[in-house]
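Residue-level listing of the chains:
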Amino acid sequence: MRVSVLVPGVLRTAVGGASRLDVDVAAPATLGSVLDSLASQYPALDRKLRDERAGLRRYVNFYVDGEECRRLDGAATPINPGAEIQILPSVAGG
Amino acid sequence: MASKAVLAIGTRKGLWVATSEDRVSWHLDGPHHPMTGVYAVAIDTRPAVPRLLAGVTSEHWGPSVATSDDLGVTWDEPDHAPIAFPADASLERVWQLQPGSVSQPGVVWAGTEPSALFRSTDGGRTYSFIEGLWKHPHRTEWGAGFGGQAVHSIVPSPDDPSRVTVAMSTGGVYRTSDGGASWEASNTGIKAYFMPDPYPEFGQCVHKIAQHASNPSRFYLQNHHGVYRSDDGGVTWKSIADGLPTDFGFAMVVHPHEPDTIYNFPIETDGRRFPPEGKCRVYRSRDAGNTWEALGSGLPDSFWTAVMRDAMCTDSGSPAGIYFGSRSGSVYASPDEGDHWHLVADNLPDVLSVRAAVIAS
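Q: Would you mind going over the overall build of chain B in detail, with residue names and values included?
A: Counting its regular elements, chain B contains 1 helix and 27 strands. The C-alpha radius of gyration computed for chain B amounts to 19 Å, which stays within 12% of the reference 21 Å derived for 361 residues, consistent with globular compactness. The C-alpha extent of chain B, read off along each of the three principal axes, is 50 × 50 × 40 Å. For chain B, the proportion of its 361 residues judged to be buried stands at 52%. A separation threshold of at least 6 residues defines the contact pool for chain B, and within that pool the share at least 24 residues apart is 50%.

Q: Provide a residue-level description of the pairing of strand β21 (residues 282–285) of chain B, including the pertinent values.
A: Across a regular strand the side chains alternate sides, sitting on one face of the sheet and then on the other. Residue and element names in this part refer to chain B. Residues of β21 alternate between two faces, with V282 and R284 on one and Y283 and S285 on the opposite face, all of them buried. With 3 bridges joining them, strand β20 (residues 262–267) and β21 adopt antiparallel strand pairing. By the bridge assignment, N264 is partnered in β21 with Y283. Here β21 runs beside strand β22 (residues 293–295); their pairing, made up of 3 bridges, is antiparallel. Within β22, the position partnered with R284 by the bridge is E293.

Q: With reference to specific residues and values, describe the interface of chain A and chain B.
A: Taken residue by residue, the interface counts 14 residues in chain A and 12 residues in chain B. Residue contributions to the side of chain A that touches chain B peak at 4 residues, all from helix α2 (residues 43–49) of chain A. Here the side of chain A that touches chain B is built from residues that sort into 6 nonpolar, 2 polar and 6 charged.

Q: I'd like a rundown of the sheet that holds strand β23 (residues 312–314) of chain B, residues and numbers included.
A: Residue and element names in this part refer to chain B. Reading across from one edge, β23-β24-β25-β26 is the order of the 4 strands in this open sheet, with antiparallel pairing throughout. Of all the strands in the sheet, just β23 and β26 (342–345) have a single pairing partner and so form its edges. Strand after strand, the sheet turns through a mean of 25° between neighbouring axes, direction not considered. With 4 bridges joining them, strand β24 (residues 322–325) and strand β25 (residues 331–334) adopt antiparallel strand pairing. Residue Y323 lies in a different strand from β25, and its bridge partner there is A333.

Q: Let's hear about the sheet that holds strand β12 (residues 164–169) of chain B: which residues, and what values?
A: Residues and elements named next belong to chain B. Taken in spatial order, the 4 strands make up an open sheet running β11-β12-β13-β14, and their pairing is antiparallel. Edge strands, defined here as strands with exactly one partner in the open sheet, are β11 (150–156) and β14 (184–185). Taken together, the 2 bridges between strand β13 (residues 172–176) and β14 define a ladder with antiparallel strand orientation. Its bridge partner lying in β14, Y174 is registered against A185.

Q: Report on the confidence of the model for chain B, specifying residues and quantitative values.
A: Counting all residues, the mean pLDDT for chain B is 97, and 100% of those residues have values of 70 or more. Our summary of model confidence lists the complex with pTM equal to 0.97 and ipTM equal to 0.93.

Q: A description of unusual backbone geometry should follow, citing residues and the corresponding values.
A: Excluding glycine, a negative phi dihedral is what most residues carry, and trans is how most peptide bonds are arranged. With an omega of 0°, the peptide bond between E113 of chain B and P114 of chain B qualifies as cis. Mapped onto the secondary structure, P114 of chain B falls in the loop between β8 (108–113) and β9 (116–120). Omega for the bond connecting S169 of chain B with T170 of chain B falls within 30 degrees of zero, at -20°, which places this linkage in the cis form. Turning to its location among the elements, T170 of chain B is positioned in the loop between β12 and β13. The phi torsion at A54 of chain A lies on the positive side, around 65°, for a residue other than glycine. Relative to the helices and strands, A54 of chain A is located in the loop between α2 and β4 (60–64). With 14 C-beta atoms packed within 10 Å, A54 of chain A lands in the partly exposed category.

Parameters and conventions
- Residues numbered from 1 in each chain as written.
- Chains lettered and ligands numbered in written order.
- Predicted model: local features only at pLDDT ≥ 70, side-chain atom pairs only at ≥ 80, totals over all residues.
- Helix = DSSP H or I, 4+ residues; strand = E, 2+ residues; numbered from the N terminus.
- Rg over C-alpha atoms; globule rule 2.2 N^0.38 Å.
- Buried ≥ 20, exposed ≤ 12 C-beta atoms within 10 Å, placed from the backbone.
- Contact = placed C-beta atoms within 7 Å.
- Pairing = 2+ DSSP bridges.
- Nonpolar A, V, L, I, M, F, W, Y, C, P; charged D, E, K, R; others polar.
- Axes fitted to C-alpha atoms, helices over the stretch in contact; angles between N-to-C directions.
- pLDDT = per-residue confidence, 0-100.

Written out as structure tokens, the structure reads:
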């Protein structure tokens, strides 16, 4: 199955400038398995999104079809075919 | 050959690089890596072209190590995380980047939070995990100081690559003599006033250790209350706090050419983290801590801030340059071993780390 990942401007240098990535992933998919698929091609992107234990970074938000994944099931959130995952930095710092 | 001084200034919101021909007037460039906390900086002068290394932590995108071979004009980071824990932890922050001895070009050590040690053999681009320290049976009892739990001091032996001494908060000093496979606590004589046994085997909140390459058996140490010296390679420690206005502080720096000359920035107490009377003063000892003198020419008399553990350093010049930065964003330099001070920069973010070198211009 194929899903789309929207990349914020600040991270596009890690993916050759793309704002949108189409990702092929085996079904059934989760947010974590989508990110695993991305990691093999874009390791420099992955390490900004997840730590070395594949934990989602605290101040990075992942909206799955408009819903932030932490209000769903985190990295285990099921992903449907054709889903859109938007990555956005959260409000942090001072 | 013409030379210039380079001063790398790591702050809570990025890195600045200052350069100077005379160590009095400075040109400031930055911020590099804006909005990252730069707890660790290093200037590796062993290669033909000096390399800047910066441990950067973004609140959003996590920790990393960046290197520059052109004094910060361009920066490089590997695609994969340069420092990564194997399975049971994740990197929070890089607290120390320490080039190895001259006899080991390419070796760079990294100390991290959580408390662990990593070693690079490619000049600090990528690092390997030192399993021996991580598997130490004391590790489960190491605690977190106010700043976190981290290995913040790394002293590789100048003449024996198998010997390395580290310090962590809290935990104390540990030494290896087999290249990192095994480690022993090395805190005899160092006080931990906040523990039921004030002289435990380990658990001390050591703030910084330092050594001069010409005398590897001697160490200096700033503790969470207590200033110490070891004359037996860190096996035992004795107080050298007499003559200082207070025994609290974070920084401990050794003169680059005189192994008995050291610098310290006293802070009142752990409950009042200001310089005594609010006066900005560096203290210098020229006899390995037996006597101390206050240095204040050019420094302010109203200075209600503090100097962190890695925010004081020397350069390699002659006479030696001494540098420090404050949590209030001021950076001072002395071109004459601390006798006179000049402002390098003001109103920067909190200064967390400084390192300096004199290089060919």
